[in-house]
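What follows is the residue order along each chain.
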Amino acid sequence: MNRAVMMRIAACAVMGLGAALLIAALLLSTYTSGKIAKIPLDIEVTLISNGSGAALDPESLGGEHAVVDQDVPLVDQQQIGVEAPANADVVTLQAGSSLRRADRQKDSGLLLAIVDTVTLNRTTAEAISDDTHPGGSVQRPRNYDDDTPPTNIALPHEGLSYRFPFDTQKQSYQFFDPIAQKAYEANYEAQDDVNGLTTYRFVQNVGYDPDGSLSEPVRYPSLYGHDEDGEISAPARMWHIEDADPDEDITMVRYYAAQRTMWVDPVSGTIVKTKVHANHYYARDPLKPEVALADYTVTSSEETVEAQVNAARNERDRVALWSRVLPITFTAAGLICLIGGILVGWFSLPAESALGRRWRDSGDGADTGFFGGFAPKAPPPGPAPGAEAETEKMPAQRPQLDPPAAPSESRPADRGTADPGSDPA
């Protein structure tokens, strides 16, 4: 195999590799990146928020008056994990949320608790819900001495829950509130820096106006079968109503309102920080709270923020690897291979042309050698030239019969004469 052929083969191989790299880059930037930008299936996080507020003392309900303590330290805890179904298209998140008084131990300090389950589309982060598949549920509350297994109540979800979609935009999103059992708009407010991470700040108002004043509070949808905690009748003295007979039963309705601020990583949709101002209260007029169950403000702890920022960065790196780093690397390598293959093919043309000339110059098309004509030429077929060549016959010298011409006067005479008796032949 001569040098020109080897160069052509090498050029084709290099250009083929370059084309394969370019195709891989195109697939990574289109098809593969869409498969990577999905909600992970291994979510297992505990989110802690700390704050303070007014809180009802549960032990006072057995006395003459309900006691509402002010400036109570509060801890909001949310545990989020993955449940079935969870596959390539959907993921089911179960979130257990509780609000506790930090100055009380165990169940004596528990104020609020809810277990919410929702099935989300892994790409859009929106709840999957229809008439036959509600896409979510909440656990029915149990008494302290109830040992029966928990039961779920079907609860249709809509909009987003517990996170935002990948590539979050500066717009409004419907975000589901499991306490109000309804989705409310989360409006984009501004772009903020959280622990070195660029985030979008969204604000959701449930029953509040943008100024933080009560506007349309939600009547609390009780999870008990007979609305035991949604509407309560008790003597006026229990409610601290002074302009009524202390023994007169007064019916109070429970209302709920919240203003939720969320800082979201726009790349992965991870909520890295939250601030919640919520108010659970009893009142006869929804716009005039009378007895607070929990009126508080809590903000994500530093440990939670740091953990969520790290999780968001990991998601960013994973998405960037498949959607930017590898496609750019493969594109650059593919272009280099294509250009290199073209150059190798171009330089093979002079070599092939030179070999062609030597081929023609050899007369019979014999190969003139790998390095350009240094190989010996093959002898023609047939017997050796020396064996068949005719012997050249030399003519015999004839005797000179006539005497030599006399020397001219200008030439000196010969010093000797030839022997007349000798034979010149």
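Every value quoted in this text rests on a predicted model; they were computed, and no experiment measured them.

### Focus: the overall build of the protein chain
Next up, step 1: Broken down by element type, the protein chain carries 3 helices and 14 strands.
Next up, step 2: Here the protein chain has roughly 25,500 Å² of accessible surface; of this, 54% comes from carbon and sulfur atoms.

### A look at the pattern of salt bridges
Next up, step 1: What the rule picks out here adds up to 12 salt bridges.
Next up, step 2: The shortest N-O distance in the salt bridge between R284 and E290 comes to 2.9 Å.
Next up, step 3: One network of salt bridges, with partners in common, ties together E64, R237 and D247.

### Topic: unusual backbone geometry
The phi angle of most residues is negative, glycine excepted, and most peptide bonds adopt the trans form.
Next up, step 1: Residues A84 and P85 are joined by a peptide bond in cis, for which omega reads 0°.
Next up, step 2: Structurally, P85 is set in the loop between β2 (68–83) and β3 (90–101).
Next up, step 3: Of note in this structure, D71 is not a glycine but carries a positive phi near 50°.
Next up, step 4: Judged by relative accessible area, D71 falls into the exposed class, the value being 67%.

### Considering the nonpolar core
Next up, step 1: By size, the foremost hydrophobic cluster in this structure holds 30 residues, and its most contacted members are L74, L99, L111, V206, W239, I241 and Y296.
Next up, step 2: For this core, the secondary structure elements donating two or more residues are β1 (44–56), β2, β4 (110–121), β12 (249–264), β13 (271–283) and β14 (291–300).
Next up, step 3: Broken down by element, the residue count for this core peaks at 5 residues, all from β14.
Next up, step 4: Counting 22 residues, the second largest nonpolar core, distinct from the first, contains V91, V118, L120 and V264.

### With respect to the packing of aromatic side chains
Next up, step 1: In this structure the tally under the stated criterion is 8 aromatic pairs.
Next up, step 2: For the pair F164 and F175, a centre-to-centre distance of 5.5 Å together with 20° between the ring planes defines the contact as stacked. Of the two residues, F164 is situated in the loop between β6 (152–154) and β7 (173–177) and F175 in strand β7; the sequence distance between them amounts to 11 residues. Just as F164 is buried, F175 falls in that class too.
Next up, step 3: An aromatic cluster is present here, built from F164, Y173, F175, Y188, Y200 and F202 joined pairwise through their rings.
Next up, step 4: Sitting over the face of the ring of Y220, R254 holds its NZ or CZ atom 3.7 Å from the ring centroid.
Next up, step 5: Stacked on the ring of W263, the Lys or Arg K273 has its end atom at 4.9 Å from the ring centre.

### Some details on the environment of G18
Next up, step 1: Within the secondary structure, G18 is located in helix α1 (residues 3–36).
Next up, step 2: The spacing of G18 and I336 is 318 residues in sequence and 7.2 Å in space, taken between C-alpha atoms.
Next up, step 3: The residues touching G18, leaving out its near neighbours within four places in the chain, are G334, C337 and L338.

### Thoughts on the pairing of β12
Next up, step 1: Most of β12 is tucked away: 13 of the 16 residues are buried.
Next up, step 2: Two elements, strand β10 (residues 218–219) and β12, share 2 bridges in a ladder whose sense is antiparallel. Its bridge partner being in β12, V218 is matched across the sheet by Y256.
Next up, step 3: With 5 bridges connecting them, strand β11 (residues 231–235) and β12 associate as antiparallel partners. What sits directly across from A234, in β12, is I250.
Next up, step 4: Inspection of the sheet shows β12 paired to β13 by 12 bridges, in the antiparallel sense. Of the residues in β13, the one forming a bridge with A257 is N279.

### Digging into the pairing of β7
Next up, step 1: Among the 5 residues in β7, 4 count as buried, and that is most of the element.
Next up, step 2: Between β7 and strand β8 (residues 182–194), which follow one another and run antiparallel, lie 4 residues, and Q181 among them has a positive phi close to 60°.

### Focus: the confidence of the model for the protein chain
Next up, step 1: On average, residues of the protein chain score 81 in pLDDT, and 76% of them reach the 70 mark or higher.
Next up, step 2: Overall, residues 364–376 carries pLDDT values under 50, and its contacts beyond four positions in sequence, including any with other chains, amount to 15 contacts.
Next up, step 3: Taken together, the stretch residues 384–394 has pLDDT below 50 and engages in 1 contact with residues farther than four places along the chain or on a different chain.

### Observations concerning the side chain of S222
Next up, step 1: With respect to the helices and strands, the residue S222 is situated in the loop between β10 and β11.
Next up, step 2: Within the local environment of S222, its side chain forms a polar contact with the side chain of D229, the two groups lying 2.4 Å apart.
Next up, step 3: Apart from the residues lying within four places of it in its own chain, the contact partners of S222 are D227, E228, D229 and G230.

### A short note on the environment of S52
Next up, step 1: In this fold, S52 is placed in strand β1.
Next up, step 2: Separated by 50 residues in sequence, S52 and A102 have C-alpha atoms that sit 9.3 Å apart.
Next up, step 3: With near-sequence residues (within four places) excluded, S52 lies in contact with V72, P73, L74, Y296 and T297.

### Some points on the side chain of T261
Next up, step 1: Residue position: T261 is located in strand β12.
Next up, step 2: For T261, a relative accessible area of 14% gives the class buried.
Next up, step 3: Setting aside residues up to four positions removed in sequence, T261 forms contacts with R201, F202, V203, K273, T274 and K275.

Calculation notes
Residues numbered from 1 in each chain as written. Predicted model: local features only at pLDDT ≥ 70, side-chain atom pairs only at ≥ 80, totals over all residues. Heavy atoms only, no water. Helix = DSSP H or I, 4+ residues; strand = E, 2+ residues; numbered from the N terminus. Areas by Shrake-Rupley, 256 points an atom, 1.4 Å probe, with all protein chains shown as cover. Salt bridge = Lys/Arg side-chain N within 4 Å of Asp/Glu carboxyl O. Buried < 20%, exposed > 50% of the residue type's maximum accessible area, 1.4 Å probe, protein only. Core = buried A, V, L, I, M, F, W, Y, C linked by side-chain atoms within 4.5 Å. Phe/Tyr/Trp six-rings, centres within 6.5 Å; stacked < 30°, edge-to-face > 60°. Lys NZ or Arg CZ within 6 Å of the ring centre and 35° of its normal. Contact = heavy atoms within 4.5 Å. Pairing = 2+ DSSP bridges. pLDDT = per-residue confidence, 0-100. Polar contact = N/O pair within 3.5 Å; in protein donor to acceptor, adjacent residues only side chain to side chain.

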